[in-house]
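Structure at a glance
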Amino acid sequence: MIGPSTFRIAVTGFRGIPASWGGVERQCEETYTRLAARGFQITVYARSHYVSKTVRSYKGVRVRRLWTLNTKYTEAILHTLLSVLDILRVGPEIVHVYTQGPCLFLPLIRLLRPKTKVFFTCQGLDWKRRKWPAWASALIKVGEKLSARLSHYQVVVSRELQDYYRGQYGVEAHYIPNGVSAVLPRPLDRVKTYGLKPRGYFLSVGRLVPEKRVEDIIVAYLAKPRGSALVIVGDAAGSGDYVVRLKAIARGNPSILFVGYQYGDALGELYSNARAFVSASELEGMPLTLLEALAHGLVCVASEIPPHGEVLEGTTHFAFPVGSLDSLSTCLDELDKMDPGRLEDCAADLRKYAEARFGWERVVDQLERLYISSLDP
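To start, this report covers the structure provided alongside it. Counting from 1, residues in each chain are numbered in the order their sequence is written. At least 70 in pLDDT is required for a residue's local features to be given in this predicted model, at least 80 for side-chain atom pairs to be given and counted, and no such filter applies to totals for whole chains, interfaces and linings, which use all residues. For side-chain calculations, the full set of non-hydrogen atoms in the structure is used, while hydrogens and water are omitted.

1. Some points on the sheet that holds strand β3 (residues 57-58)
Any two strands are treated as partners once DSSP identifies two or more bridges connecting them. Helix and strand definitions here come from DSSP, where helices need a minimum of 4 consecutive H or I residues and strands a minimum of 2 consecutive E residues; each element is numbered from the N-terminal end. Overall, mixed pairing links the eight strands, which are arranged β3-β4-β2-β1-β5-β6-β7-β8 in an open sheet. A single partner strand is all that each edge strand has here, and the edge strands are β3 and β8 (174-175). The pairing of strand β1 (residues 8-12) with strand β2 (residues 41-47) spans four bridges and is parallel. When the bridges of β2 are listed, Arg 8 appears paired with Gln 41.

As structure tokens, then:
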């Protein structure tokens, strides 16, 4: 009988676990530690500069740490190649590849391990990201085509991506969204040094990359005097030029705080005590930061892109067209004036909504069923 303990799953295409930053890394940590607890034999391939050499396993997941050249254009591609070579040696029953670029190596798996079931998860259309030059985008687009043609099972985290794969490749991808954990509100403690007050600041969380359009948030915030501060959590994912530009736009305003990456309890405190969460992004798959904001009961201000609408549909939230600084500024005005009691009333409903629709156990149940069905005789 096929069950969790009867086959091995190898996972590659991202930085590894335990996650310290990155949406894909956090998704995989939450997913595969839960599957390991259910009896699955999981090996996650980790990049040497991202995971400490002392980490051999994490919450029941075997962590296979492999060297890679830590540069913008070689890190992912080289690490994935080394991972695939090791996977070919080991011969697991399932290989799960995350993101489109690493799918360039799917032909090796399909040719040399024809009995292995290949899964792919799309978190977003990576070739659209502004950080890539034309040649890199073209290469990632090749990986996207291979993900559609050579993986046995395609998984997407949003309905928009599901529509894209159906329309572009005639592929009926499986929709399994990102998840979120139930959380308890935390008082301000570890982050007191920033001088923040409960419900006294807007919060932005994520990698500081151009497609997040954090400059829009800063400019809209500066358009008028504000009663609330603006806290920006995150840092550069590669070159720091974008972060330098953001700080120049902020002009040293003491009400705009760049606090870098935050983790664990400190990040939980920042979510728990914010007035609202703000995202101006032009490109997303399904942002975990937005889900975490809902789980903490935060009213969200979000740009009108399909993944945001998919997450926030049916909730109390504020929306604005991508790039519309006036509309974003008006949203901030309304939230600045909103009574704290109203915010608390919204918080209870938002927490319930997040847990009911995006709870991790529900998400992992779907992937577990897909894995088991893939090996049915």
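2. Thoughts on a nonpolar patch on the surface
Candidates for patches are residues over 30% relative accessible area with no salt bridge; among them, like charges are joined within 9 Å and nonpolar side chains (Val, Leu, Ile, Met, Phe, Trp, Tyr) within 5 Å. Methods summary: accessible areas were calculated by the Shrake-Rupley approach with a probe of 1.4 Å, and residue burial reflects only the protein chains presented. Salt bridge, as used here: a side-chain nitrogen of Lys or Arg that lies within 4 Å of a carboxyl oxygen of Asp or Glu. On the surface, Tyr 73, Trp 135 and Leu 139 cluster together into a nonpolar patch covering about 330 Å² of accessible area. With respect to the element layout, Leu 139 can be found in helix α4 (residues 134-150). On the basis of relative accessibility, which here comes to 41%, the residue Leu 139 falls in the partly exposed class. Between buried and exposed lies partly exposed: a residue is buried under 20% and exposed over 50% of the maximum accessible area for its type, with that area taken using a 1.4 Å probe on protein chains only.

3. Concerning helix α12 (residues 340-358)
Multiply 1.5 Å by the residue count of a helix minus one, and that product is the helix's expected span. With 19 residues, α12 should reach 27 Å at 1.5 Å per residue; the first-to-last C-alpha distance of 26 Å fits that figure. Among the residues making up α12, those that are buried are Leu 343, Cys 346, Ala 347, Leu 350, Tyr 353, Ala 354 and Phe 358. Buried residues of α12 fall within an arc of 145° about the axis and therefore sit on the same side. In α12, the exposed residues that point more than 90 degrees away from the buried face are Asp 345, Asp 349, Lys 352, Glu 355 and Ala 356. Considering only its buried residues, α12 is in contact with α9 (288-295), α10 (306-312), α11 (325-337) and α13 (360-374). The directions from the helix axis to the C-beta atoms are what the arc is built from. In what follows, a contact means two residues having at least one pair of non-hydrogen atoms within 4.5 Å.

4. So, the environment of Leu 270
Within the secondary structure, Leu 270 is located in helix α8 (residues 264-273). Looking at Leu 270, the relative accessible area reads 0%, which means it is buried. Measuring from C-alpha to C-alpha, the distance between Leu 270 and Ser 327 comes to 25 Å, with 57 residues separating the pair along the chain. With residues near it in sequence (within four places) discarded, Leu 270 still touches Val 191, Leu 196, Tyr 201, Leu 203, Val 231, Val 233, Val 259 and Gln 262.

5. Regarding the sheet that holds strand β14 (residues 317-320)
Spatially, six strands are ordered β11-β10-β9-β12-β13-β14 in an open sheet, and the strand pairing comes out parallel. Where the open sheet ends on each side, the last strands, each with one partner, are β11 (256-260) and β14. Strand after strand, the sheet turns through a mean of 20° between neighbouring axes, direction not considered. Orientation is described by lines fitted to C-alpha atoms, with helices fitted over the stretch in contact, and by angles between N-to-C directions that extend from 0 to 180 degrees. Each of β9 (201-205), β12 (276-279), β13 (300-303) and β14 touches α11; the most contacted strand, β14, lies at about 160° to it.

6. Here's the deal with unusual backbone geometry
Note that the residue after Ile 17, namely Pro 18, is joined by a cis bond; omega there is 0°. With respect to the secondary-structure elements, Pro 18 resides in the loop between β1 and α1 (23-37). In this model, Lys 59 sits at a positive phi of 50°, which is unusual for a non-glycine residue. For Lys 59, the position within the fold is in the loop between β3 and β4 (61-66). For Lys 59, a relative accessible area of 57% corresponds to the exposed category.

7. Some points on the nonpolar core
Joining through side-chain atoms within 4.5 Å is the link that ties buried Ala, Val, Leu, Ile, Met, Phe, Trp, Tyr and Cys residues into a set, and such a set is a nonpolar core. Counting residues in each nonpolar core, the largest one holds 122 residues, and the members touching the most others are Tyr 32 and Leu 203. The residues touching Tyr 32, leaving out its near neighbours within four places in the chain, are Val 11, Ile 42, Val 61, His 96, Tyr 98, Leu 367 and Tyr 371.

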